[in-house]
Amino acid sequence: MGSRRRVLTALLIFAAVFLLGVAGFKVLGGGEWSLLDSVYMTAITIGTIGYGETHDLSANPAARAFTTVYIFLCLGTIAYAVSSITAFVVEGELKNILGRRKMDKNIDRLSGHYIVCGSDETAMAVVQELIQTKKPFVLVEPDKGRIDKLAAPGPLLFVQGDPAEDSVLEQAGIGRAKGLIACLPTDEANLFVTISARSLNPQIRIVSKAIDPNSNRKMAKAGADSVISTTFIGGMRMVSEMIRPAVTTFLDMMLRERDRVLRFDEHTVQAGSPFAGRTIAETGLEERTGALLVALRRGGAKDFAFNPPKTTVLAETDVLVFIATPDMMRELESLTG
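The present account deals with the structure reproduced in this document.

### As for the overall build of the chain
Along the backbone of the chain there are 14 helices and ten strands. For the chain, the C-alpha radius of gyration of 32 Å lies well beyond 20 Å, the compact-globule estimate for 337 residues. With the C-alpha coordinates of the chain rotated into their principal frame, the extents come out at 110 × 45 × 40 Å. When the 337 residues of the chain are sorted by exposure, 39% land in the buried category.

Below, the structure written as structure tokens:
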């Protein structure tokens, strides 16, 4: 029996013993005992306070016999309650409850964060990347053992529960989240989570894993913005290793280097940004942040302009692609307010 259940059982037993004492003293006391007298006698007996009897029991041997048995019963109940509460505290149940409340408050403070659903090898890579790039996220996973495995390198925010349930996604802050990544073990589970997330937050960006390439279209129809086929990605990686080994080695170094976290990252020129209407040279992006601008995509366009000229005038909704560290991207965000 879990310590939390033991505490609840102890409280129920205590309540039953208290009611038994009130009823016993009331019945055995005859017409001389009021309900308040019975409650008072029960309280001082359970508390082992030692006050005098409310009414003299010397002429009532049945009441004295009941009191004697009742005292031993109370001592046993108190001993069980104390041991249950001690186990509750020692085994960490109270600590877990307080820690869960603190974590829920931290999740409630998040906005523009990411939600990762699942805990397999794919999810592990996602979590590690979000930690390295210092992106706020919440993990959603029903298995506590898997959560502990992912949290082994360091503490993370999580919600233990089925990500297909709306209440669990709401606890993870789905309404305030920027994106959701579905890394569950089956396409059916990822599809259901995609539908739930899209219905709860129509604006959220959803990236879903697909095991069967035939599921891609279904995922997209269900509301996924991007569907990642592990089979396709694996094949592309293998052929890249064969025909462009230097490029794959370069990208691997970017992803795996611990001392300097370099990534391809993006920044959108928002409405009212000081960058809008100015040339790339005038903004001094690269000089002020150290980030390397490698591509630009005009708002609403699909194609990218690689290595855009310094004379290019930036406009609102333009997407700028950089090679940069997380600190460089934060500096870029601060420059645009």
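### Concerning helix H11 (residues 245-256)
Across its twelve residues, H11 extends 16 Å between first and last C-alpha, which sits within 8% of the 16 Å expected from 1.5 Å per residue. Of the positions making up H11, those classed as buried are Thr 248, Asp 252 and Met 254. Looking down the long axis of H11, one finds its buried residues gathered within 160° of arc, a one-sided arrangement. Summarising the geometry of H11, the exposed residues directed more than 90 degrees from the buried face are Ala 246 and Met 253.

### Some points on unusual backbone geometry
With a phi close to 60°, Lys 134 is a non-glycine residue in the positive phi region. In this fold, Lys 134 is placed in the loop between helix H5 (121-132) and strand S2 (137-141). One non-glycine residue, Thr 317, lies in positive phi territory at about 75°. Secondary-structure assignment places Thr 317 in the loop between strand S9 (305-306) and strand S10 (319-324). Taking the relative accessible area as the measure of exposure, Thr 317 reaches 47% and is therefore partly exposed.

### Notes on the side chain of Lys 209
Mapped onto the elements, Lys 209 comes out in strand S5 (residues 205-210). Polar side-chain contacts of Lys 209 include one of 3.5 Å to the backbone oxygen of Leu 184. Setting aside residues no more than four positions away along its own chain, Lys 209 makes contact with Asp 120, Thr 122, Ala 182, Cys 183, Leu 184, Asp 187, Asn 190, Met 219, Ile 228 and Thr 230.

### Re a nonpolar patch on the surface
Where nonpolar side chains cluster on the molecular surface, the patch consists of Ile 228, Phe 232, Ile 233, Met 236, Val 239, Met 242 and Ile 243 and spans about 690 Å² of accessible area. Per-element tally for the nonpolar patch: the top contributor is helix H10 (residues 230-243), with six residues. Residue position: Met 242 is located in helix H10.

### Quick notes on the sheet that holds strand S1 (residues 114-117)
With respect to topology, six strands assemble into an open sheet ordered S3-S2-S1-S4-S5-S6, the strand pairing being parallel. Where the open sheet ends on each side, the last strands, each with one partner, are strand S3 (158-160) and strand S6 (226-229). Direction aside, the axes of adjacent strands within the sheet are offset by 15° on average. In this sheet, S3 lies alongside S2 in parallel orientation, the contact comprising three bridges. Residue Glu 141 lies in a different strand from S3, and its bridge partner there is Gln 160. Together, S1, S2, strand S4 (179-182) and S5 form the strand contacts of H5, whose direction differs from that of S1 by roughly 155°. Running over the sheet, H10 touches S5 and S6 and is turned about 60° from S6.

### Some points on the pairing of S10
Here S10 lies mainly inside the structure; six of its six residues are buried. Residues of S10 alternate between two faces, with Val 319, Val 321 and Ile 323 on one and Leu 320, Phe 322 and Ala 324 on the opposite face, all of them buried. Note that strand S7 (residues 263-268) and S10 share six bridges and pair antiparallel. Bridge pairing in S10 links Thr 268 to Val 319.

### Section: the side chain of Asp 187
Relative to the assigned elements, Asp 187 resides in helix H8 (residues 187-200). Of the side chains with opposite charge, Lys 209 comes closest to the buried, unpaired Asp 187, at an N-O distance of 7.3 Å. In this structure the side chain of Asp 187 is engaged in a polar contact, spanning 3.0 Å, whose partner is the backbone nitrogen of Asp 212. With residues up to four places along the chain from it excluded, the contact list for Asp 187 reads Lys 209, Ala 210, Ile 211, Asp 212, Ser 215 and Met 219.

### Some details on the sheet that holds S9
Ordered by their spatial adjacency, four strands build an open sheet running S7-S10-S8-S9, and the pairing between neighbours is antiparallel. With one partner strand each, in any of the chains shown, S7 and S9 form the two edges of the open sheet. Where strand S8 (residues 292-297) lies against S10, five bridges are found, and the strand directions are antiparallel. Looking across to S10, one finds that Leu 293 is bridged to Phe 322.

Thresholds applied
Residues numbered from 1 in each chain as written. Predicted model: local features only at pLDDT ≥ 70, side-chain atom pairs only at ≥ 80, totals over all residues. Heavy atoms only, no water. Helix = DSSP H or I, 4+ residues; strand = E, 2+ residues; numbered from the N terminus. Rg over C-alpha atoms; globule rule 2.2 N^0.38 Å. Buried < 20%, exposed > 50% of the residue type's maximum accessible area, 1.4 Å probe, protein only. Expected span 1.5 Å × (residues − 1). Arc of directions from axis to C-beta. Polar contact = N/O pair within 3.5 Å; in protein donor to acceptor, adjacent residues only side chain to side chain. Contact = heavy atoms within 4.5 Å. Patch = residues over 30% accessible without salt bridge, like charges linked within 9 Å, V, L, I, M, F, W, Y side chains within 5 Å. Areas by Shrake-Rupley, 256 points an atom, 1.4 Å probe, with all protein chains shown as cover. Salt bridge = Lys/Arg side-chain N within 4 Å of Asp/Glu carboxyl O. Pairing = 2+ DSSP bridges. Axes fitted to C-alpha atoms, helices over the stretch in contact; angles between N-to-C directions. Lys, Arg positive; Asp, Glu negative; His and termini not counted.

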